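Geometric and topological summary
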Amino acid sequence: MPANSPEEHAHDRQVVALLEAAVDALPDLYRTAFMLREVQGLSTAEAAELLDVTEDVVKTRLHRARGLVRDALLARAGANAGEAFRFFDPRCDRVVGGVMARISASSN
């Protein structure tokens, strides 16, 4: 696998930092379940035993933790969401024009 470019490496570090911040912001109750299951890779049964709770409690806490992480990431990304899928009108027109020309040429 080729090494990441400096830009890709910087991007990866930014994504990791956002995820770490979202997990760090979780209430302790949810962060613990999240860390045991998602980071440490423990089974639901193992996490339940360590936390001295039922498996259903672990599942509920993990579900809520994932939702909070998702909401935190969406809130951060939401400020820049418009930039993610910019519509480049002139470029799009050129691409569509080229495709239509090829379709016309192939049907003749």
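Here the structure is a predicted model, which means the values were calculated and not measured.

Moving on to unusual backbone geometry. For Asp52, which is not glycine, the phi dihedral falls at a positive 60°. Structurally, the position occupied by Asp52 is in the loop between helix H3 (44-51) and helix H4 (55-78).

What follows covers the packing of helix H2 (residues 28-39) against H4. Relative to each other, H2 and H4 sit at 100°, their axes nearing to 8 Å. Compared by their axis directions, H2 and H4 come out roughly perpendicular. For the pair H2 and H4, the contacting residues are Leu29, Tyr30, Ala33, Phe34, Arg37 and Glu38 in the first and Val58, Arg61, Leu62, Arg64, Ala65, Arg66, Leu68 and Val69 in the second.

Time to look at the pattern of salt bridges. Enumeration according to the criterion identifies 3 salt bridges in this entry. We note a salt bridge from Asp28 to Arg31, for which the minimum N-O separation is 2.1 Å. Residue Asp28 and its partner Arg31 are both found in helix H2; the two are separated by 3 residues, about one turn of the helix. Since its relative accessible area comes to 22%, Arg31 is described here as partly exposed. Between Arg66 and Glu38 there is a salt bridge, and its shortest N-O distance comes to 2.2 Å.

Rules behind the numbers
Residues numbered from 1 in each chain as written. Predicted model: local features only at pLDDT ≥ 70, side-chain atom pairs only at ≥ 80, totals over all residues. Heavy atoms only, no water. Helix = DSSP H or I, 4+ residues; strand = E, 2+ residues; numbered from the N terminus. Axes fitted to C-alpha atoms, helices over the stretch in contact; angles between N-to-C directions. Parallel < 35°, antiparallel > 145°, perpendicular 65-115°, else oblique. Contact = heavy atoms within 4.5 Å. Salt bridge = Lys/Arg side-chain N within 4 Å of Asp/Glu carboxyl O. Buried < 20%, exposed > 50% of the residue type's maximum accessible area, 1.4 Å probe, protein only.

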